[in-house]
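Observations on the three-dimensional arrangement
Chain residues, written in single-letter form:
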Amino acid sequence: MTLNLDERLSCAASFVRRGKRFADIGSDHAYLPIYLAQRGIVDSALASDINEGPVESAIQNINTYGVCDKVSAICSDGLAGARDFAPEDIAILGMG
């Protein structure tokens with residue numbers, strides 16, 4: 001199953017550099033990292049959200065779209081949990 005993005009997330013995806021470690025802060029559903037991984041734009045991505053509910057949703061979507069080998073999800077406040085992942089490109093979109 002291939003994920004397609006809405007216009008806003010498609011625009012954001014166009015800024016991500018090929019082959020970089022990508023972190024989506026405030027990811028909610030992890031659609032952007034999933035899309036990037038499915039298309040081979042990134043080899044590894046991190047979906048981060050401050051609340052457990054969105055992280056659980058992200059994990060379910062990561063599994064549903066078959067990219068659990070490239071995308072992980074964590075519950076974290078902003079970039080705090082991304083330190084060990086060392087992202088090279090970061091998206092912080094749509095946060096309240």
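The structure this text deals with has already been given above.
The notes below deal with the structure included here. (Residues numbered from 1 in each chain as written. Predicted model: local features only at pLDDT ≥ 70, side-chain atom pairs only at ≥ 80, totals over all residues. Heavy atoms only, no water.)

Let us now look at the sheet that holds strand 4 (residues 89–92). Judged by pairing direction, the sheet is parallel, and its four strands sit side by side in the order 3-2-1-4 without closing on themselves. Two strands in the sheet have a free side with no partner beyond their single neighbour: strand 3 (71–75) and strand 4. When strand polarity is set aside, the average angle formed by the axes of neighbouring strands in this sheet is 15°. Across five bridges, strand 2 (residues 45–49) lies against strand 3 in parallel orientation. Along strand 3, the bridge assignment pairs A47 with A73. Helix 2 (residues 31–38) contacts strand 1 (22–25), strand 2, strand 3 and strand 4 of the sheet and is inclined by roughly 160° relative to strand 1. Across the face of the sheet, helix 3 (residues 52–64) comes into contact with strand 2 and strand 3 while running at roughly 170° to strand 3. (Pairing = 2+ DSSP bridges. Helix = DSSP H or I, 4+ residues; strand = E, 2+ residues; numbered from the N terminus. Axes fitted to C-alpha atoms, helices over the stretch in contact; angles between N-to-C directions. Contact = heavy atoms within 4.5 Å.)

Taken together, L79, I90 and I92 make up a surface patch of nonpolar side chains, about 260 Å² in accessible area. Here I90 lies in strand 4. (Patch = residues over 30% accessible without salt bridge, like charges linked within 9 Å, V, L, I, M, F, W, Y side chains within 5 Å. Areas by Shrake-Rupley, 256 points an atom, 1.4 Å probe, with all protein chains shown as cover. Salt bridge = Lys/Arg side-chain N within 4 Å of Asp/Glu carboxyl O.)

Our focus in this paragraph is unusual backbone geometry. For D28, which is not glycine, the phi dihedral falls at a positive 65°. Summarising the element assignment, D28 is placed in the loop between strand 1 and helix 2. Using a relative accessible area of 36% as the deciding quantity, one classes D28 as partly exposed. Although it is not a glycine, A86 adopts a positive phi angle of roughly 55°. Along the chain, A86 falls in the loop between strand 3 and strand 4. Here A86 falls in the partly exposed class, since its relative accessible area comes to 33%. (Buried < 20%, exposed > 50% of the residue type's maximum accessible area, 1.4 Å probe, protein only.)

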